[in-house]
Each structure stands twice: as structure tokens, then as C-alpha cells.
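# Structure at a glance
Letter by letter, the chains look like this.
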Amino acid sequence: MVETVLRDGHQSIAATRMRIVDMLPILEKMDSAGYYAIEAWGGATFDVCLRYLNEDPWQRLRLLKKNLPHTPIQMLLRGQNLLGYSNMADDVVTEFIKRSVDNGVSIIRIFDALNDTRNLETAIRATKEAGGHAQGCIVYTISPYHKDEDFVKLGKELVQMGADSICIKDMAGLLRPYSAYKLVKALKAEISVPIDIHTHFTSALGDMTYLKAIEAGADIVDTAISPFSCSTSQPCTESLVAALEGTDYDTGLDMHRLHELADYFKRVKRDLVEDFHLNTNIPIDPKVLTFQIPGGMLSNLLRQMKELGIADKYDELLEEMPRVRKELGYPPLVTPTSQIVGTMAVMNVALGRALGRALGRYKMIPTEVRNLVAGKYGRTPGPIDPEVQRLCIGAEKPITCRPADLIPPQLEKYRARLAEEGYPHASMEDLLSYISFPEVAKTFFDRNRWMDRTNQ
């Protein structure tokens, strides 16, 4: 089992606000619990460390590694996007992964929002060259272009590219129990590497999905310790361990130790709620099975609508989202495509109020939507609606090459820029932070100028 409390658990439940000081006292006990791995880095943690917690994410990683000597640290990586929202040059991707492994990451879970394997090539190769375990992702969603045979084809391609294991990444809780059984069976018939299942409890199907996937031959599942489980997070670690105890699928995890971890993280959750004024009581929402919109994404869209004064048009948004998703080629709704589709839907609804529902669609098109239509994020699973393509890019033809082939090397360009900002001797890790989030990292550096940033 992979424990997610140090990454996706608190990202899903507590806005990624868990600090390294919250983690350090319990790491020794986590290290002895018997987990296959602990997901503790990547995803939104990097950005939040710099932006909100005044922490160096690289220093966090080193401290985690020092205190988790026996359990592999796993991270989530957005393929060619790394931890940001747009594609990076190959030299940046390669160096970022090398430094991640050097600083303590053992397993890198690599996904692309469009399941375009061209966006995974460099990251998988770099992980293998750095000595890490490359886990390739099948981003799970439902559409006419996402059938079991499509996912099996993708899994085989990932293995051919060098993936050491495959993760079925179900970010919205859409994977139903018997669908999981059939998909795992189909994959197991074609590939020999381990299969990991990652789901969210948003639809309240997670436990059942895991049980059927395990019966079908899944090798690994992702869970979160109880205070940070369920809701929009992963199924509960202790419950699944108890369910499998004494069976052929017994995890061997120490239940007494898991109870100690749960007691500790109850206190952490209480502190985070108080310190950051969080609402962690996020309800499950089985309607996600109909709308296919992750719960966290819905809350973000509702906030956007409130800011625009159209919160009363929420039902229209729920109708508009799948319409826009279809017109944009059925991208899975995961970062960054979830934000791209969601923002376009909100704009259509907002302008529909002013101009009329039909007239308001695609009257204001964000750059990210134009880039998606132009192929700059990769191949969409389905075809782009021709009229939407015309509105977005006119007579221009979408690119057909790997998007990163159009990006020249970036390391030295950004090093020169960071030197101009007053940091000529910045470490490679700091340079990579700056490339990933320039303004956020620069603010962090300035705030912590007293630190010797060349000797961390």
C-alpha cells in the first residue's frame, strides 16, 4: 500500500497546508509501519511550500528522506509540465528529475493530462537514468474515446517506453468496482509490470473499487490514514488493511502502528483547521459519476462564479462543462486541462447572461484554451469541434509534433535571468524552483535572503 497523507491526503482535504514541522515528529513511526511507499512530494506541495508556507520544497524533501530511511518516497509529476501548468524544455525536465532523485525521491509517478505519451518520454527516460522507479500513468476518465482497449494500448506503450509500473489514476472517483475489475484483468493479460490503483472517495465507491481491483490482480493501492481519508481524498488505510487481514491479500501492515499514526494526524488536522481557517468537512458527492467533475474543481469553479456575480447559474455550469469538454476533444479533467475546460465553461455561462446563451459561447477565449486547440498541450483524445477550432485559432493548423520539440533549452536562459534578479550563485535546486514558479520563487528568495542559498 502507498500512504498518501503527506501529499494527496492533505492536498485533497486541507488545501495542501501540512507543514514539515507537522510531519517530522511522526516520520519514524511511519517508516516502520510497513508501507510499500509514502507519497510525500510533488503535486501541489511544491508550489504551496513556496507560496504559502515559506518553506523550501527541496529542503522539505531532504528532511523527509533523512527521517524515512527505510520507506521509498514517492512523488507526483505532471510529465513535461513537471509541477507547473505548461510544458518545460527537455533540459529542465531532465535536471529536475535528476535533482529530485538525488534529494530523496525513489518513485516518480508520471502522468499527462491528455494521456499523450509523447509528453511522458523525457520524464520516463530521465527517471530511469537517475536511478529512480518510473511509474507511468493511465489517467482514467469516461468518454467515447476512453474504452478499456484504449487504456490497455496506453499501458503497453508505457511499458515499452520503460515504465517500471503502471498506475491507473482516477482523480475524480469515476472508476466503478466492476469497471476496475475488468480493466485490471485486461491490463494483467497484456503487461507484466505491477499495477497500482489510485482513486478518490468523491463518489463513495473507493473501497469497493479497490476490493474488486485487488481481486482482479492489482498489486498496489493508494490509501490515506483516517483523519485525511475519504471525502475527496483516498479510501482509509486502516479500514482496507482490516478488510484484507487474514485473506490472501493481507497487507501485513501493523494495525497498532496505524492507530498511532491516526491519533497523531487527528491532532495535525485540528491544528491546520485552526491555523489556516480551513473547512475540512467536505461531503462526498456521487453526482460526480454523472457530471464527471472532481469535487475540488467544482468548488473552485463556484468561487469563480461568485466573483463574477453569477453563482445562481451553477446548474447551467454543470450543463456547460460536459458540452465544452466534448467540443475540446474530451480531455480528462485533471490539472491543467480541468482548469482549462472549467474556465472556458464559466466564461461561456457568464457571457451567456449578458449576450444570450447561444451568443455568449466562445466570445472570450483564454490563451490556454487556444493553446489546447492548437495542439500545444498535446493530442486530445477526441477531435476538436471544427467551429470551436475556427473560433480559437482561425485558419491556423494545429501542431502535430511533440509540443516540447518547439521549446528551446531553458536552464541557462533562466540562470541568467535569476542572476539579474540578484542571485548569481543560486543552487541548481533554487534555479529549478525559479523556472517552475518564477514570481513565487523570487518572492520566497527575497523573503529568505538571509539564508545561504548556495549551501543548502
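Here the structure is a predicted model, which is why all the values come from computation and not from measurement.

A separate point is helix α11 (residues 237-244). Restricting attention to buried positions, one finds in α11 the residues T237, E238, L240, V241 and L244. Seen along its axis, α11 keeps its buried residues to an arc of 165°; they face one direction. Close packing links the buried residues of α11 with β1 (2-3), α10 (206-216), β8 (220-223) and α12 (255-276). The positive-phi residue at the C-terminal boundary of α11 is G246, with phi of around 80°.

All right, on to the environment of K169 then. Relative to the assigned elements, K169 resides in strand β6 (residues 165-170). Residues K169 and S203, spaced 34 residues apart in sequence, show a C-alpha to C-alpha distance of 15 Å. Setting aside its immediate chain neighbours within four residues, K169 contacts L76, F111, C137, I138, V139, Y140, H198 and V334.

Positionally, S338 belongs in helix α16 (residues 337-355). The exposure class of S338 is buried, given its relative accessible area of 7%. In this structure the side chain of S338 is engaged in a polar contact, spanning 3.5 Å, whose partner is the backbone nitrogen of T335. Once residues within four sequence positions are removed from consideration, S338 is found in contact with M297 and L333.

Before going further, it helps to examine the packing of aromatic side chains. Applying the stated criterion across every chain yields a total of 14 aromatic pairs. Pairing W58 with F96 gives two aromatic rings, centres 5.2 Å apart and planes at 55°, and the pair type is tilted. A residue pair is termed long-range when its members are at least 10 positions apart, and W58 in helix α5 (residues 57-67) and F96 in helix α6 (residues 90-103) qualify at 38 residues. Looking at F96, the relative accessible area reads 0%, which means it is buried. Aromatic side chains Y414 and Y434 sit 6.1 Å apart centroid to centroid with 75° between the ring planes, which places their arrangement in the edge-to-face category. Here Y414, found in helix α19 (residues 411-420), pairs with Y434, found in helix α20 (residues 428-436); they are 20 residues apart in sequence, far enough to count as distant. In this structure, Y414 and Y434 share a single accessibility class: buried. Grouped by ring-pair contacts, the aromatic residues W41, F46, W58, F96 and F437 constitute a single cluster. Lying across the ring of Y181, K212 places its NZ or CZ 4.9 Å from the centre. Lying over the aromatic face of Y414, R417 brings its terminal NZ or CZ to 4.7 Å of the ring centre.

Cut-offs applied
Residues numbered from 1 in each chain as written. Predicted model: local features only at pLDDT ≥ 70, side-chain atom pairs only at ≥ 80, totals over all residues. Heavy atoms only, no water. Buried < 20%, exposed > 50% of the residue type's maximum accessible area, 1.4 Å probe, protein only. Helix = DSSP H or I, 4+ residues; strand = E, 2+ residues; numbered from the N terminus. Arc of directions from axis to C-beta. Contact = heavy atoms within 4.5 Å. Polar contact = N/O pair within 3.5 Å; in protein donor to acceptor, adjacent residues only side chain to side chain. Phe/Tyr/Trp six-rings, centres within 6.5 Å; stacked < 30°, edge-to-face > 60°. Lys NZ or Arg CZ within 6 Å of the ring centre and 35° of its normal.

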